[in-house]
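Understanding the architecture of this molecule
Residues per chain, in single letters:
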Amino acid sequence: MNPLTSLVNGQAQTSIPVTSRLQYGDGLFETLAIRDGRLLLWSEHVRRLMAGIERLGLDPIDAALLATEAETLAAGHSLAILKIVVVRGTSGRGYRPAAAPTDRILTVWPWPNRPIDDEAPVFWCRTTLARQPLLSGLKHLNRLEQVLAQREFSDPYWEGLMQDTQGWVIEGTMTNLFVVEGGILTTPILDQAGVAGVMRDQVMRRARESGMVVRLDHLTSTRVMEADEIFLSNSLIGIRPVLRLAQRLWRRGPVTSRMTEILRACGDAPAL
């Protein structure tokens, strides 16, 4: 699959220098849904991106310029995906970074032709996530753990759950995890590993606004398997129930259904 269109530092092009610090994963990315030319949850994605730029010590970027470029690319698309990559400016060979303007790479991708089947099972991955508090929560470009994890499964599985090196369940390879226990909505603590997803934050905020109890906690695989309901979230799918994991089967539960309706009513995700 090729991108529909792209901009590199505001210019229409598809190539980047071989000296780009993409080779070190020295940057961040955001993946947004485009619906009817509108960038869903734009402010939330930009807020996370800017916070990540500060944490990694990248040269700041102009948020207004980024918005103009993104809106230009989104215009005319009824349903598509925008990926934003920011990379520390090129500084030659070697790990040590030098002061240089941050590169911006924006690409628009077609929406997947095949929707996710709610009945598709989820896989327990053997690949574990390293614990690194300096990077925890960030959507940085070092995604090799997720690449290795996704090599472990194929159809009919649509997603895999990952634990960290101490055995705590953290997230899916491309999603955040929520479990429901006695009506309480719980998502893993991400202070050592994992991505603090924009949709994860939306789910927690919308749930609290509706009167639900939401908490962050450490989750074991046993606790996940014994949960009343499980669902996964990201900015493209919104939320999707987990109805089969290993030998355990679930029915779509009331909390998952309620959160689906809340997010649909708020227009936060295109795929609900």
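Presented here is a report on the structure given in the accompanying data block.

Conventions and cut-offs
Residues numbered from 1 in each chain as written. Predicted model: local features only at pLDDT ≥ 70, side-chain atom pairs only at ≥ 80, totals over all residues. Heavy atoms only, no water. Axes fitted to C-alpha atoms, helices over the stretch in contact; angles between N-to-C directions. Helix = DSSP H or I, 4+ residues; strand = E, 2+ residues; numbered from the N terminus. Parallel < 35°, antiparallel > 145°, perpendicular 65-115°, else oblique. Left-handed = near helix turned anticlockwise from the far one by under 90°. Contact = heavy atoms within 4.5 Å. Nonpolar A, V, L, I, M, F, W, Y, C, P; charged D, E, K, R; others polar. Salt bridge = Lys/Arg side-chain N within 4 Å of Asp/Glu carboxyl O. Buried < 20%, exposed > 50% of the residue type's maximum accessible area, 1.4 Å probe, protein only. Expected span 1.5 Å × (residues − 1). Arc of directions from axis to C-beta.

The next subject is the packing of helix 1 (residues 42-56) against helix 2 (residues 63-74). Between helix 1 and helix 2, the shortest axis-to-axis distance is 12 Å and the interhelical angle comes to 135 degrees. The pairing of helix 1 with helix 2 is recorded here as oblique in orientation. Where helix 1 crosses over helix 2, the two elements pack in a sense that is right-handed. Contacts between helix 1 and helix 2 pair Trp42, Val46, Leu49 and Met50 from the former with Ala63, Leu66, Ala67 and Ala70 from the latter. In terms of residue class, the contact of helix 1 with helix 2 is built from eight nonpolar, no polar and no charged.

All right, on to the packing of helix 4 (residues 198-209) against helix 6 (residues 254-266) then. Describing two packed helices takes the angle between their axes plus the distance from one axis to the other. As a packed pair, helix 4 and helix 6 sit with axes 10 Å apart at the nearest point and diverge in direction by 105 degrees. Considering their axes alone, helix 4 and helix 6 lie roughly perpendicular with respect to each other. Contact residues: helix 4 offers Met199, Val203, Arg206 and Ala207, while helix 6 offers Met259, Ile262, Leu263 and Cys266. Of the residues in the contact of helix 4 with helix 6, the class split is seven nonpolar, no polar and one charged.

The subject of this paragraph is the pattern of salt bridges. This structure, assessed with the given rule, holds 15 salt bridges. Between Glu69 and Arg104 there is a salt bridge, with its nearest N and O atoms 2.7 Å apart. With a gap of 35 residues between them, Glu69 in helix 2 and Arg104 in strand 5 (residues 103-110) connect regions that are remote in the sequence. Each member of the pair Glu69 and Arg104 is classed as buried. Arg205 is paired through a salt bridge with Glu209; the nearest N and O atoms lie 3.0 Å apart. Of this pair, Arg205 and Glu209 are both found in helix 4, four residues apart, which corresponds to roughly one turn of the helix. By relative accessible area, Arg205 is classed as partly exposed at 34%. Glu209 sits in the exposed class, given a relative accessible area of 53%. Look at the salt bridges and you will find they share partners, linking Glu181, Arg215, Asp217 and Arg223 into a network.

On to helix 1, then. Helix length check: helix 1, at 15 residues, gives a terminal C-alpha distance of 21 Å against a target of 21 Å (1.5 Å per residue), a fit within 8%. All of the buried residues in helix 1 are Trp42, His45, Val46, Arg48, Leu49, Gly52 and Ile53. One side of helix 1 carries all its buried residues, which in axial view fall inside an arc of 165 degrees. Summarising the geometry of helix 1, the exposed residues directed more than 90 degrees from the buried face are Arg47 and Glu54. Lining the buried residues of helix 1 we find strand 2 (27-35), strand 3 (38-39), helix 2, strand 4 (79-87) and helix 4. Directly after helix 1, the chain includes Gly57, whose backbone phi takes a positive value near 75 degrees.

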